[in-house]
Number of protein chains: 4
Amino acid sequence: MIKVGIVGGTGYTGVELLRLLAAHPEVQLTAITSRKEDGMLVADMYPSLRGHVSLAFSSPDKAKLTECDVVFFATPHGVAMAQARELLAAGVKVIDLAADFRIKDTAVFEKWYGMPHSCPDILEEAVYGLPEVNREAIKNARIIGLPGCYPTSMQLGYAPLLAKEKPLVNEAMLIADCKSGVSGAGRKAEVHTLLAEAADNFKAYGVKGHRHLPETTQGLQAIAGRKIGLTFVPHLVPMIRGIHSTLYATILPEARNTDFQALYENHFKGERFVDVMPPGSHPETRSVRASNKLRIAVHQPDGGDLLVILVVEDNLVKGAAGQGVQCMNIMFGIEEGAGLMHIPVLP
Amino acid sequence: MIKVGIVGGTGYTGVELLRLLAAHPEVQLTAITSRKEDGMLVADMYPSLRGHVSLAFSSPDKAKLTECDVVFFATPHGVAMAQARELLAAGVKVIDLAADFRIKDTAVFEKWYGMPHSCPDILEEAVYGLPEVNREAIKNARIIGLPGCYPTSMQLGYAPLLAKEKPLVNEAMLIADCKSGVSGAGRKAEVHTLLAEAADNFKAYGVKGHRHLPETTQGLQAIAGRKIGLTFVPHLVPMIRGIHSTLYATILPEARNTDFQALYENHFKGERFVDVMPPGSHPETRSVRASNKLRIAVHQPDGGDLLVILVVEDNLVKGAAGQGVQCMNIMFGIEEGAGLMHIPVLP
Amino acid sequence: MIKVGIVGGTGYTGVELLRLLAAHPEVQLTAITSRKEDGMLVADMYPSLRGHVSLAFSSPDKAKLTECDVVFFATPHGVAMAQARELLAAGVKVIDLAADFRIKDTAVFEKWYGMPHSCPDILEEAVYGLPEVNREAIKNARIIGLPGCYPTSMQLGYAPLLAKEKPLVNEAMLIADCKSGVSGAGRKAEVHTLLAEAADNFKAYGVKGHRHLPETTQGLQAIAGRKIGLTFVPHLVPMIRGIHSTLYATILPEARNTDFQALYENHFKGERFVDVMPPGSHPETRSVRASNKLRIAVHQPDGGDLLVILVVEDNLVKGAAGQGVQCMNIMFGIEEGAGLMHIPVLP
Amino acid sequence: MIKVGIVGGTGYTGVELLRLLAAHPEVQLTAITSRKEDGMLVADMYPSLRGHVSLAFSSPDKAKLTECDVVFFATPHGVAMAQARELLAAGVKVIDLAADFRIKDTAVFEKWYGMPHSCPDILEEAVYGLPEVNREAIKNARIIGLPGCYPTSMQLGYAPLLAKEKPLVNEAMLIADCKSGVSGAGRKAEVHTLLAEAADNFKAYGVKGHRHLPETTQGLQAIAGRKIGLTFVPHLVPMIRGIHSTLYATILPEARNTDFQALYENHFKGERFVDVMPPGSHPETRSVRASNKLRIAVHQPDGGDLLVILVVEDNLVKGAAGQGVQCMNIMFGIEEGAGLMHIPVLP
């Protein structure tokens, strides 16, 4: 059994980790920390876990994290980088769901997250936890920076187009029009995500710039091995879970004869968590609700020069906690789908 | 033109007052205060008001409230009682949307609101602003304590049963099972009213006791002229606006031949904002959305001994801002429906 | 492996059966019928099942239902009673999610469902599939009439009060104020359950009479061994899944000293799917979302004479498909929780 | 007073017309037809209109439509063209909310709407009812084809860019990523718009082709006086009202110095129903809820070559009924804002 610790289990990615890990056949939940809720039963904060999780929160100093095999950080940005060195030194693997180990360029990190990076050497070692792109590196990683929710959908959605040696589309002018449920904003007391503000309403936000842009650009460039240009426009959808990314790319004249459906199917052949749907499909976010699946549909309206790629994922699963568990499975050499084969909940 | 000031215009009842008053034919919006937003255009906080309201917030000290004819308090409990004396002395009428002037017994007020009452003499003078019950007193009032949202629906729903000299129902065992949209909780940054918490979810709350219980009991006893016993169970509905109160009362043996439908229709004859629907109706909250109407249906399932009264209102209009404007119209001797004849927005 | 057939798998209880059974460790999905969708892959209708269910719908005549060990009917009322005899004769067990085998009095059935009962002898044999009440009978049953969604919550919510030899509450005046998400209305094209009609809205319906009333009354009387009187008022909540029943009962003078919390805890001791919550709790529907749990909280406001029992369940799981699987587990002598231990999905 | 008739008043655009016209100071509601609901009070179908509309539906043959000054068609496609000739002959003006008089090329109409056009001569005469583009023509029109909801937002959103003599953007590669609430699908009993299907869910639809594409292309070309190329991807948002269009356009090298904010502000100067918001704004759909306003924000992320134009409108008001009333006001020479100055309902 893998002994697992969770730092910061009171937010949405934390409770989702608990849902997945408590039912994972090879995991023993060992410690969960929360400074504020020290001593409180996890199931008292989240009655959904009554009967499934008997752990209590403990303050970070008391929790014996160094006795774990792996520790997940479901914390605000900045926490994981303060604690990673000690854990790694103790032989504990680290999986960070926040942004501390995503962006390789510390200047870019500082610009977007407003804090200096405190351990550039560990950052350099850290592996970006996107299994469908980075599986080999994840196998041997000691520390993982998990992709953000939007970046997961954009990178997997564009990957087949960019992974070819010769460009197929105008890579300088990619447009990602993305829509997310409000759980993406976390379990924070804020006015703009109140039901009375966000329900029966729709808006764009962060058009000027969003933290997931530099992360995604870095990822797409790593896939392409070339510079790319991306415009990313996020929107807030009055729903709880789910991301729908509508990706646009202009086909280059020399690539007009490409069979893009086949390109996508081949690219993801054998991937159990990526589902390339039949031509003409319109994937719905609910078709992946509460599951680790990501579904993609490839459209070329009117046979013209514009590709429209539709991608859906559950932002809390494939976009966060589920992807973390997937990485853990890979890191510990167990079945990649262990504890992750939930059938989506519909309706 | 009536010169109107608003203290605390940044919450939901504040913006609803602005929506109603900005289009009121006899009102001149004169001042709106917010300590925090001093100098900010109201329409910058609420773009829905762009083109309709040109006022800016001003800090309470700068706002010339004493030059108004009437001042609305859309503030937390405790604010109105601190400022009322000065305004009344200056000849300004006061309408408080919070609880400062609702409960006549200061000990009860203290128990439920956790603060002593600072002006019991003004409290004694204050009139409870429920026009369908108290119209005459409102006409000559200098200061109004507006009913809470739930209490409005319960009092108008039970009034015809209790207003008779001889009891018709078991008045010791009234049960009000009430359901409210989340705007009733106000525009406050809190976790439990986040969309990701409250959407696709339903729960009761405050079963042990809710501040609207003593207010409602006081109101029902005033209507009946007798002691009554009420159990009030509020629930949170995943919607923005609207209250649906399902009221139960056991018919006394001697009242079995009463025509309750006729009783309700007669009681509210001539009331423009109370609509007694035809027998068998199930009023929906959306049928009063954004309007000052309250609709009632009277049921006697299977012709048995239990009355089931269904009441719907928009908690921000008839349950708050609209009722305030209705009181203002009465106090200033103008048409009671002025500025309040909006047709509900459906769908 | 238990060979399972499903008749009518295109509705919500059908797809929920598929979600549960496809992941059930002891089940082999063998046949699923739909006259209209003959030949269509189940996963083409419900993309959420892609990768999990490879079956296609087949028309009822082609499906080899008699080769199954058990057949579930997720069909409109009237279908199961037309096919049950043949299946039973072939040694196949039958579990009906509709109402054909719920109500023992055929006259009552006819009155509420508008059709004569075609096999009163099988009806007599049928067992009411509420395991926490009827477990022993279910063990040996050949045919099960599964409770409706509302009746499950009302019966389990009232059971501890009624199961005592001496009445504890006024059993002639029980009041159940129930609230359901719209999936309870099924996957039928109807105007009143459109999102544009039902969202941001709340209403009561069927106050005059609802089919779940006679079923619940029959069940409560069976539990009590006495006549009871119930008023049932259902309401429609703008959410997908979930039922919240707020149950009222007046404590009899001789029962005032009862410890009702203990009564409930003892009554359900050892039940894995019924969770009596700590005193003062307000269970939320989302705390059981997509799971077979039912949670109960017991309130006695102000220590008075009125009990308020709060019950939540997922109408499609414990209120339908999950309860069916639970019965199947019992009937086939396997672990009662097999395939049913999903942790609720929150948020 | 203008005598107004409505054909087909039972759908969402019909009831919205009633909400607007019943409170219009210069309108006398004269007739409303529905074959199916002949004799039923309008307020019995829509209780929100109780106390505001006393008309009953009458069957088309009985309704004295030829005595009206203007008749609105809130009907399925094909109805208006069957009745327009007779009304026009009687001197009645016609405003069609469906598509019969939108598309000038009858072959295109036939392709997308699956029916031949029965009165090409009237179609030729008909004016496209987009006041901010076509005000002069509307003044003298006898018959109006009102724009669709999506096309209104796309045309007004792109108009300032296209109306210049020299192209500013790559007009061959316009991308409109649009999102609509479900009331856009009308009040029709269909499975895919049930709350249990569409709530807590997000999806694209019609990527292959949507009827609003040819209409919008025609409109944009009329504005530009040049051929344009548009990709239009509609999405369904789990909300009732509102459209949010995110429009993309690539700035041409020679236009890089354009002040696009000023361009938009100047273009719409004096338009009371189009609000160009300050730079950096993210308009929300609720900021125009239940009002005839359309709000636009202009973004140029990172000062790059891609323009992102955000447009919001209420699909039932500026996208349908409200625009119809606006046209009527223009046609009858009265104040363009008469009956249309509602302040948006927020929250």
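All values derive from a computational prediction rather than experimental measurement.

Secondary structure assignment for chain A yields eleven helices and 13 strands. Relative to the globule expectation of 20 Å for 347 residues, the C-alpha radius of gyration of chain A, 20 Å, shows essentially globular dimensions. For chain A, the spread of C-alpha atoms along the three principal axes comes to 60 × 45 × 40 Å. When the 347 residues of chain A are sorted by exposure, 66% land in the buried category.

As a further point, take unusual backbone geometry. Cis peptide bonds are those with omega within 30 degrees of zero, and the linkage from B:Leu346 to B:Pro347 qualifies with 5°. On the secondary structure map, B:Pro347 appears in the segment after helix 11 (317-331). Despite not being glycine, A:Asp302 has its phi angle at roughly 60°, a positive value. Secondary-structure assignment places A:Asp302 in the loop between strand 12 (294-299) and strand 13 (306-313). The phi dihedral of B:Ala290 falls on the positive side, at around 65°, and the residue is not glycine. Summarising the element assignment, B:Ala290 is placed in the loop between strand 11 (274-276) and strand 12 (294-299). By relative accessible area, which is 2% here, B:Ala290 ends up buried.

What follows covers the packing of aromatic side chains. Enumeration according to the criterion identifies twelve aromatic pairs over all chains in this entry. Consider the rings of A:Phe109 and A:Tyr113, whose centres lie 5.1 Å apart with planes at 20°: the pair is stacked. Remark: A:Tyr113 and A:Phe109 occur in helix 4 (residues 106-113); sequence separation between them is four residues, near one turn of the helix. Judged on exposure class, the residue A:Phe109 and its partner A:Tyr113 are both buried. Here A:Tyr248 and D:Tyr248 contribute two aromatic rings whose centre-to-centre distance is 6.5 Å and whose plane-to-plane angle is 50°, an arrangement assigned as tilted. Of this pair, A:Tyr248 sits in strand 10 (residues 243-250) while D:Tyr248 sits in strand 10 (residues 243-250), on two different chains. As far as the burial class goes, A:Tyr248 and D:Tyr248 line up, both buried. The ring of A:Phe332 has A:Lys93 sitting right over it, with the charged end atom 5.9 Å from the ring centre.

Quick look at the interface of chain D and chain C now. Listed as interface residues are 20 residues of chain D and, on the opposing side, 20 residues of chain C. When chain D packs against chain C, close to 1,600 Å² is buried across both sides, 72% of that on carbon and sulfur atoms. Taken together, the links from chain D to chain C amount to two salt bridges. For D:Arg187, the salt bridge identified is with C:Glu197, shortest N-O distance 3.6 Å. Viewed at the interface, chain C and chain D are joined by four residue pairs in polar contact (both at pLDDT 80 or more). Examining the composition of the side of chain D that touches chain C, we find that four residues originate from one element, helix 8 (residues 195-198) of chain D, more than from any other. Across the side of chain D that touches chain C, the residue classes break down as twelve nonpolar, three polar and five charged.

The interface is formed by 40 residues belonging to chain D together with 40 residues belonging to chain A. Interface area for chain D against chain A, summed over the two sides, is near 3,500 Å², with a carbon-plus-sulfur share of 59%. Together, D:Asp200, D:Phe202 and D:Val207 form the three largest contributors to the area buried by chain D at its contact with chain A, with a combined 18%. Our count for the chain D to chain A interface comes out at eight salt bridges. Across the contact surface, chain D and chain A share 27 residue pairs in polar contact (both at pLDDT 80 or more).

A few words on the side chain of D:Asp275. With respect to the secondary-structure elements, D:Asp275 resides in strand 11 (residues 274-276). For D:Asp275, a relative accessible area of 10% gives the class buried. In contact with D:Asp275, not counting residues within four places along its chain, are B:Arg50, D:Lys293, D:Leu294, D:Arg295 and D:Ile296.

With that settled, consider the relation of the copies chain D and chain C. Of the two same-sequence chains, chain D is brought onto chain C (RMSD 0.0 Å, axial shift 0.0 Å) by a rotation of 180°. Considering both components of the superposition, the chain copies are consistent with a two-fold axis. Most of the interface of chain D is mirrored in chain C, where 100% of its interface residues are also at the interface.

The next point concerns the pattern of salt bridges. Counted under the stated rule, the structure contains 88 salt bridges over all chains. Between B:Glu16 and B:Arg241 there is a salt bridge, with the nearest N and O atoms lying 2.8 Å from each other. Remark: B:Arg241 occurs in the loop between strand 9 (230-237) and strand 10 (243-250) and B:Glu16 occurs in helix 1 (residues 12-22); sequence separation between them is 225 residues. Among the salt bridges present, the one from B:Arg256 reaches B:Asp305, with a minimum N-O distance of 2.9 Å. Taken as a pair, B:Arg256 in the loop between strand 10 and helix 10 (260-267) and B:Asp305 in the loop between strand 12 and strand 13 (306-313) lie far apart in primary sequence, 49 residues in all. In this structure B:Arg256 comes out as partly exposed when scored by relative accessible area, which is 45%. Via salt bridges that share partners, A:Arg187, B:Glu197, B:Lys203, C:Glu284 and C:Arg286 belong to a single interconnected network.

A separate point is the UniProt feature "active site" (unreviewed entry) in chain A. Listed under "active site" (unreviewed entry) in the UniProt record, and renumbered for this structure, are A:Cys149. If we skip the residues at most four places from it in the chain, A:Cys149 touches A:His212, A:Ile243, A:Glu313, A:Asn315 and A:Gly319.

Let's shift gears to the relation of the copies chain D and chain A. Least-squares fitting of chain D to chain A yields an RMSD of 0.0 Å, with the superposition described by an axial translation of 0.0 Å and a rotation of 180°. Both copies contact each other with a shared surface, as 100% of the interface residues of chain D are interface residues in chain A too.

Before going further, it helps to spend a moment on the domain arrangement of chain A. Residue and element names in this part refer to chain A. When cut into domains, chain A gives domain 1 (2-125) and domain 2 (150-314). In this complex, domain 1 contributes 15 residues to the contact, which on the side of domain 2 involves twelve residues. Between domain 1 and domain 2 the total buried area reaches about 1,200 Å² when both faces are included, carbon and sulfur atoms providing 54% of it. Of all residues in domain 1, the largest losses of buried area upon contact with domain 2 belong to Tyr-12, Arg-102 and Trp-112, amounting jointly to 49% of the total for that side. Taken together, the connections running from domain 1 to domain 2 amount to two salt bridges.

This next bit is on the sheet that holds strand 11 (residues 274-276) of chain C. Each strand in a sheet pairs with another by means of backbone hydrogen bonds, the pair being arranged parallel or else antiparallel. All names here are of chain C. With respect to topology, seven strands assemble into an open sheet ordered 8-9-7-10-13-12-11, the strand pairing being mixed. Each edge of the sheet is formed by a strand with only one pairing partner; in this case those strands are strand 8 (203-204) and strand 11. Examined bridge by bridge, strand 7 (residues 174-180) and strand 9 (residues 230-236) share seven bridges and lie parallel to one another. When the bridges of strand 9 are listed, Ala-176 appears paired with Phe-232. Contacting strand 7 and strand 9, helix 9 (residues 212-224) runs over the sheet at an angle of about 135° to strand 9. Of the strands in this sheet, strand 11, strand 12 (294-299) and strand 13 (306-313) touch helix 10 (residues 260-267), which is tilted by about 160° from strand 12.

Turning our attention to helix 4 (residues 106-113) of chain B. Between the side-chain oxygen of the N-cap and the backbone nitrogen of B:Ala107 there are 2.9 Å, and the N-cap of helix 4 of chain B in question is B:Asp105. Looking one or two places after helix 4 of chain B, you find B:Gly114, whose phi comes out positive at around 65°.

It is worth spelling out the pairing of strand 10 (residues 243-250) of chain C at this point. Residues and elements named next belong to chain C. Of all eight residues in strand 10, eight are buried, a share of seventy percent or more. Because side chains alternate across strand 10, one face comprises the buried residues Ile-243, Ser-245, Leu-247 and Ala-249, and the other comprises His-244, Thr-246, Tyr-248 and Thr-250, equally buried. Note: strand 7 against strand 10, six bridges, orientation antiparallel. Counterpart to Ile-175 in the pairing with strand 10 is Tyr-248.

Analysis parameters
Residues numbered from 1 in each chain as written. Chains lettered and ligands numbered in written order. Predicted model: local features only at pLDDT ≥ 70, side-chain atom pairs only at ≥ 80, totals over all residues. Heavy atoms only, no water. Helix = DSSP H or I, 4+ residues; strand = E, 2+ residues; numbered from the N terminus. Rg over C-alpha atoms; globule rule 2.2 N^0.38 Å. Buried < 20%, exposed > 50% of the residue type's maximum accessible area, 1.4 Å probe, protein only. Phe/Tyr/Trp six-rings, centres within 6.5 Å; stacked < 30°, edge-to-face > 60°. Lys NZ or Arg CZ within 6 Å of the ring centre and 35° of its normal. Contact = heavy atoms within 4.5 Å. Buried area = accessible area lost by both parts, 1.4 Å probe. Salt bridge = Lys/Arg side-chain N within 4 Å of Asp/Glu carboxyl O. Polar contact = N/O pair within 3.5 Å; in protein donor to acceptor, adjacent residues only side chain to side chain. Nonpolar A, V, L, I, M, F, W, Y, C, P; charged D, E, K, R; others polar. Least-squares fit on C-alpha atoms with pLDDT ≥ 70 in both. UniProt positions renumbered as here; feature names shortened; annotations may be inferred. Domains from an automatic or database assignment. Pairing = 2+ DSSP bridges. Axes fitted to C-alpha atoms, helices over the stretch in contact; angles between N-to-C directions.

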